[in-house]
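Spelled out, the chains give:
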Amino acid sequence: MSPVDDLLEKIKRSIVNMEDQQAVEFTRKALENHPAEEILNQALIPAMEMVGNEYEQGRKFIPEMLLAAEAMTAALELLKPALARADIKKAGKVVMGTVEGDVHDIGQRMVCIMLEGAGFEVHSLGADVPADDFIQAVKTRNPDILGLSALLTTTAPRMKGVIEGLQKQGLRDKVKVMVGGAVLNQRLADEYGADGYAPDAAAAARLARALMETTRS
Ligand code: B12
């Protein structure tokens, strides 16, 4: 293995092992000789995909996934200035938030991190977001994708309200809507009129890429 591959491997391993200081240290070293985009694509994104897979297979649990996400964010912070300078073409723009009445934001934050890692420009509106604020953000920020999160049986139906609001304002064709959160499933996503549903952060990044393909075609 070349010293470079070795460094990228070390970054991957430290993220998967939730070692944020090591992830930062190896990323700083790798930046001395390597384009930020390569570090992002060959270390950070694969690492979070590995973490997502381990979570899906029941080999990692929520607290571990959060710690790994923190390690990835710490490394990503180092890459951000170089990524901005390199003027890398963004994968797309996403506005994300948890619907009104629902304060659960941990999962949504993880989805945002995963999307940033996958090269998307992400604007999070946080949690407990009224439908009008989502609609306003679609108007002003002009995202390719709107992400809606809900963790409560009582708040998930608010997603339908947001999507209907977009329709009423003539904005529905301008933005793809993806939904998620523990109480969601594909059937509810279809019922609410969303364009896609993903069960976890890794799948959300894959879904966002697939939605961008349908936007472009
Ligand atoms: C932490 C937590 C809280 C914290 C939230 C802190 C915070 N800042 O988020 C606090 C203590 C505040 C809280 C409050 C309440 N909670 Co609570 N909470 C939880 C708990 C334990 C974990 C949720 C979590 O963070 N999971 C971890 C993340 C990583 O998972 P996730 O959110 O599902 O996200 C993943 C996917 O769903 C997906 N995803 C998420 N969003 C999106 C968006 C898109 C677009 C996509 C594609 C994918 C996607 O990707 C994520 C990453 O893989 C759950 C129980 C559980 N095990 O789920 C209960 C739970 C969600 N809470 C529940 C309840 C009832 C409440 C309360 C009403 C009071 C109560 N009885 O505890 C209040 C509600 C407050 C309110 N108005 O919102 C219930 C909901 C039941 C239901 N079906 O409605 C649960 C299931 C507990 C239970 N078994 O009763 N809660």
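Conventions used here
- Residues numbered from 1 in each chain as written.
- Predicted model: local features only at pLDDT ≥ 70, side-chain atom pairs only at ≥ 80, totals over all residues.
- Heavy atoms only, no water.
- Donors = N, O, S within 2.8 Å, 3.2 Å for Na, K, Ca; no water.
- Helix = DSSP H or I, 4+ residues; strand = E, 2+ residues; numbered from the N terminus.
- Buried < 20%, exposed > 50% of the residue type's maximum accessible area, 1.4 Å probe, protein only.
- Polar contact = N/O pair within 3.5 Å; in protein donor to acceptor, adjacent residues only side chain to side chain.
- Contact = heavy atoms within 4.5 Å.
- Pairing = 2+ DSSP bridges.
- Axes fitted to C-alpha atoms, helices over the stretch in contact; angles between N-to-C directions.
- Core = buried A, V, L, I, M, F, W, Y, C linked by side-chain atoms within 4.5 Å.
- Near = heavy atom within 4 Å.
- Nonpolar A, V, L, I, M, F, W, Y, C, P; charged D, E, K, R; others polar.
- Parallel < 35°, antiparallel > 145°, perpendicular 65-115°, else oblique.
- Left-handed = near helix turned anticlockwise from the far one by under 90°.

**A look at the coordination of the cobalt atom of the ligand**
Here is step 1: Protein coordination of the cobalt atom of the ligand is limited to a single donor, H104 (NE2), positioned at 2.3 Å.
Here is step 2: Turning to its location among the elements, H104 is positioned in the loop between β1 (92-98) and α5 (106-117).

**Re the side chain of R172**
Here is step 1: Along the chain, R172 turns up in the loop between α7 (158-168) and β4 (176-180).
Here is step 2: Overall, R172 belongs to the buried group, its relative accessible area being 13%.
Here is step 3: Only 2.9 Å separates the side chain of R172 from the backbone oxygen of V175, close enough to count as a polar contact.
Here is step 4: Leaving out residues up to four positions away in the same chain, R172 has contacts with I163, L166, Q167, V177, G193, A194 and D195.

**Points about the environment of I135**
Here is step 1: Note that I135 resides in helix α6 (residues 131-141).
Here is step 2: When the C-alpha atoms of I135 and L166 are compared, they prove to be 6.2 Å apart, with 31 residues separating the residues in sequence.
Here is step 3: In contact with I135, other than residues within four places in its own chain, are V162, G165, L166, Q169 and L171.

**Here's the deal with the sheet that holds strand β3 (residues 145-149)**
Here is step 1: Ordered in space as β2-β1-β3-β4-β5, the 5 strands form an open sheet in which the pairing is parallel. Each end of this open sheet is capped by a strand with a single partner; those strands are β2 (120-124) and β5 (196-197).
Here is step 2: With 5 bridges joining them, β1 and β2 adopt parallel strand pairing. Its bridge partner lying in β2, V95 is registered against H123.
Here is step 3: Strands β1, β2 and β3 of the sheet are contacted by α6, whose axis makes an angle of about 165° with β1.
Here is step 4: Contacts between α7 and the sheet are confined to β3 and β4, with β3 contributing the most and set at about 155° to the helix.

**Some points on the nonpolar core**
Generally speaking, soluble globular proteins have nonpolar side chains that are buried together.
Here is step 1: Counting residues in each nonpolar core, the largest one holds 50 residues, and the members touching the most others are I11, I15, L44, L115, F120, I145 and M178.
Here is step 2: Listed by contribution, the elements that provide at least two residues to this core are α1 (3-16), α2 (20-33), α3 (36-56), α4 (62-85), β1, α5, β2 and α9 (201-216).
Here is step 3: For this core, the element with the highest residue contribution is α4, accounting for 10 residues.
Here is step 4: Leaving out residues up to four positions away in the same chain, M178 has contacts with M96, L115, I145, L146, G147, L148, G196, A204, L207, A208 and L211.
Here is step 5: Formed by 25 residues, the second largest nonpolar core is a distinct cluster that contains A137, V138, L146 and L188.

**With respect to the site of the ligand**
Here is step 1: Near the ligand lie 28 residues; those nearest to it are V103, H104, D105, S149 and T153.
Here is step 2: Note that an oxygen atom of the ligand is positioned 3.4 Å from one of the backbone N or O atoms of G181.
Here is step 3: Elements supplying a minimum of two residues to the shell around the ligand: α4, α5, β3, β4 and α9.
Here is step 4: Each residue belonging to the shell around the ligand can be placed in one class, and the counts come to 17 nonpolar, 8 polar and 3 charged.

**Some points on unusual backbone geometry**
Here is step 1: Positive phi, close to 55°, is recorded for D128, a residue that is not glycine.
Here is step 2: Summarising the element assignment, D128 is placed in the loop between β2 and α6.
Here is step 3: Even without being glycine, N142 reaches a positive phi, approximately 50°.
Here is step 4: Following the sequence through the fold, N142 ends up in the loop between α6 and β3.
Here is step 5: On the basis of relative accessible area, N142 is assigned to the exposed category, the value being 52%.

**A short note on the packing of α6 against α7**
Here is step 1: Contact geometry for α6 and α7: axes closest at 9 Å, N-to-C directions at 45°. Judged by the angle between their axes, α6 and α7 are oblique. Of the two elements, α6 crosses α7, and the hand of that crossing is right-handed. Contacts from A131, F134, I135 and V138 of α6 reach α7 at V162, G165 and L166.
Here is step 2: Tallied by class, residues from the contact of α6 with α7 come to 6 nonpolar, 1 polar and no charged.

None of this, on its own, says anything about what the molecule does.
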